[in-house]
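For reference, the chains in residue letters:
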Amino acid sequence: MTSKTHYAVLVAVLFAVPLNAAEQELGTLYWGNGDSLAGSLVSAKGDTLVWAAPLFADPLQIDLGVLSAVRFPESDASETDAESDSEFRITLVNHNVLYGSIAKVDADTIHFNSRRHGSLRVGKNQILKLQRSQNQGLLYFGPRGLDGWAPRGTNSKLSDWREENDGSLTTLKGETGLLRQMKFPDSCEVEVVLTSSSVPDFVLSLGSRENGNPRVEMWGDEMICRCGLDFVELQTIEQDQRKLHFHVFVDFKQKVMAVYSSSGQFLGRTESKTRESPTHGLILEAIEGDLTLNHLRISEWDGTLPKNLRPGETRVHTRNGDVHYGTIAGFSEDDQTLQVALNQD
């Protein structure tokens with residue numbers, strides 16, 4: 001399915017009814033050629049949305065087929081969406097993100113209630129991932145643009161990086177970096193997705209690498225992890241590999257770091273008893289060539305290491321760490337529980 005089709009599905013889900021003037025929210029339209037237009041959504045129906053922009057006296061009628069994305073800034077509405085334990089972060093197959101609580105589950109669709117968008121109906125085949133918005137210990141989930149990031153490096157500038165329509169961050173040059181200030185807990189997990197037009201060449205550091213803090217980086221075609229002077233080769237990256245997706249688990253008190261693949265495969269472990277505690281936040285450096293930070297999740301870690309996962313199968317992760325393979329079959333509104341049809345192993 002093309003991105004154009006994905007996007008049409010998203011807008012049909014979001015904007016099923018016209019918005020009142022008080023509900024209109026500032027946002028930005030993005031065209032496939034890179035053009036953009038700030039304004040507010042008036043209404044949407046079928047393949048057409050009505051958009052009010054300060055540059056034009058009358059609202060514009062725009063065909064969805066010419067757009068690559070509609071983006072709204074972070075607001076109080078999105079923050080309140082994450083207040084309830086019943087709220088989910090809904091990632092669609094085109095990587096757009098919604099927030100809402102499950103109201104009903106049909107054979108092919110899931111119905112959500114959203115504080116920002118009202119009632120939503122989303123096809124199951126359009127949902128890539130559902131995650132609790134209030135996962136205990138979640139410290140950061142993004143990126144959602146450059147807000148909160150600062151340049152890192154002697155010659156680095158924030159303008160070296162650009163925001164993509166989905167909030168991811170891209171640089172087209174090497175020797176530049178980003179810093180996100182934060183205080184790490186005693187134990188944390190970092191999930192990262194990086195892409196590039198060639199093999200991603202990067203350094204990801206939890207704290208300043210001058211202090212020997214834990215980091216993952218590329219040495220030629222080898223991805224390695226380091227703590228102080230101790231390093232371990234994790235895996236050889238093939239020349240045609242353009243995407244890296246991995247999890248880093250760090251115990252700062254024990255000064256131990258372990259790295260796992262996105263499928264739960266153990267890649268390597270290192271430790272250094274001499275390194276200092278991190279005084280900076282998370283640092284990402286592009287060493288040579290272009291680099292995109294597509295996904296970053298930082299959370300507290302309870303010490304439970306991941307299990308090997310079966311690729312290509314729908315699965316449910318419970319809070320105690322168990323993994324069940326199956327599909328969402330129903331929802332009980334009375335006790336707010338999902339019903340899962342388990343696969344026959």
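The following paragraphs examine the structure supplied in this document. Bear in mind that the values here come from a model prediction, so they are computed numbers and not experimental data.

### Observations concerning the packing of aromatic side chains
No. 1: Counted by the stated rule, this structure contains seven aromatic pairs.
No. 2: With a centroid separation of 5.7 Å and 90° between ring planes, the pair formed by F249 and Y260 is classed as edge-to-face. On the criterion of sequence distance, the pair formed by F249 in strand 21 (residues 243-251) and Y260 in strand 22 (residues 256-261) is long-range, its members being 11 residues apart.
No. 3: Y260 gets classed as buried once you look at its relative accessible area, which sits at 8%.
No. 4: Each ring, one from Y260 and one from F266, has its centre 5.4 Å from the other, and the planes form 65°; the classification is edge-to-face.
No. 5: An aromatic cluster is present here, built from F249, Y260, F266 and W301 joined pairwise through their rings.

### Some points on the nonpolar core
No. 1: In this structure, V190, F202, V216, M223, F246, V259 and L296 are the most contacted members of the largest nonpolar core, which totals 37 residues.
No. 2: Setting aside residues no more than four positions away along its own chain, F246 makes contact with V190, E191, V192, F202, L204, V216, M223, V259, Y260 and S262.
No. 3: Grouped together as the second largest cluster of nonpolar side chains are 13 residues, I102, I110, F112 and F331 included.

### What to know about unusual backbone geometry
No. 1: Here the amide bond leading from G142 into P143 is cis, since omega sits at 0°, within 30 degrees of zero.
No. 2: Considering the arrangement of structural elements, one finds P143 in the loop between strand 11 (138-142) and strand 12 (150-151).
No. 3: The residue E175 is not glycine, and still its phi comes out positive at about 55°.
No. 4: Secondary-structure assignment places E175 in the loop between strand 14 (169-171) and strand 15 (176-180).
No. 5: E175 gets classed as exposed once you look at its relative accessible area, which sits at 67%.
No. 6: A positive phi is found at K255, a non-glycine position, where the angle reads about 60°.
No. 7: With respect to the helices and strands, K255 occurs in the loop between strand 21 and strand 22.

### Examining the sheet that holds strand 8 (residues 109-114)
No. 1: Reading across from one edge, 9-8-7-6-10 is the order of the five strands in this open sheet, with antiparallel pairing throughout. At either end of the open sheet lies a strand with only one pairing partner, and these are strand 9 (118-123) and strand 10 (127-132). Neighbour-to-neighbour, the strand axes of the sheet open up by a mean angle of 45°, direction not taken into account.
No. 2: As paired strands, strand 7 (residues 97-105) and strand 8 are joined by four bridges and run antiparallel to one another. The residue bridging S101 from the neighbouring strand is N113, located in strand 8.

Cut-offs and rules
Residues numbered from 1 in each chain as written. Predicted model: local features only at pLDDT ≥ 70, side-chain atom pairs only at ≥ 80, totals over all residues. Heavy atoms only, no water. Phe/Tyr/Trp six-rings, centres within 6.5 Å; stacked < 30°, edge-to-face > 60°. Helix = DSSP H or I, 4+ residues; strand = E, 2+ residues; numbered from the N terminus. Buried < 20%, exposed > 50% of the residue type's maximum accessible area, 1.4 Å probe, protein only. Core = buried A, V, L, I, M, F, W, Y, C linked by side-chain atoms within 4.5 Å. Contact = heavy atoms within 4.5 Å. Pairing = 2+ DSSP bridges. Axes fitted to C-alpha atoms, helices over the stretch in contact; angles between N-to-C directions.

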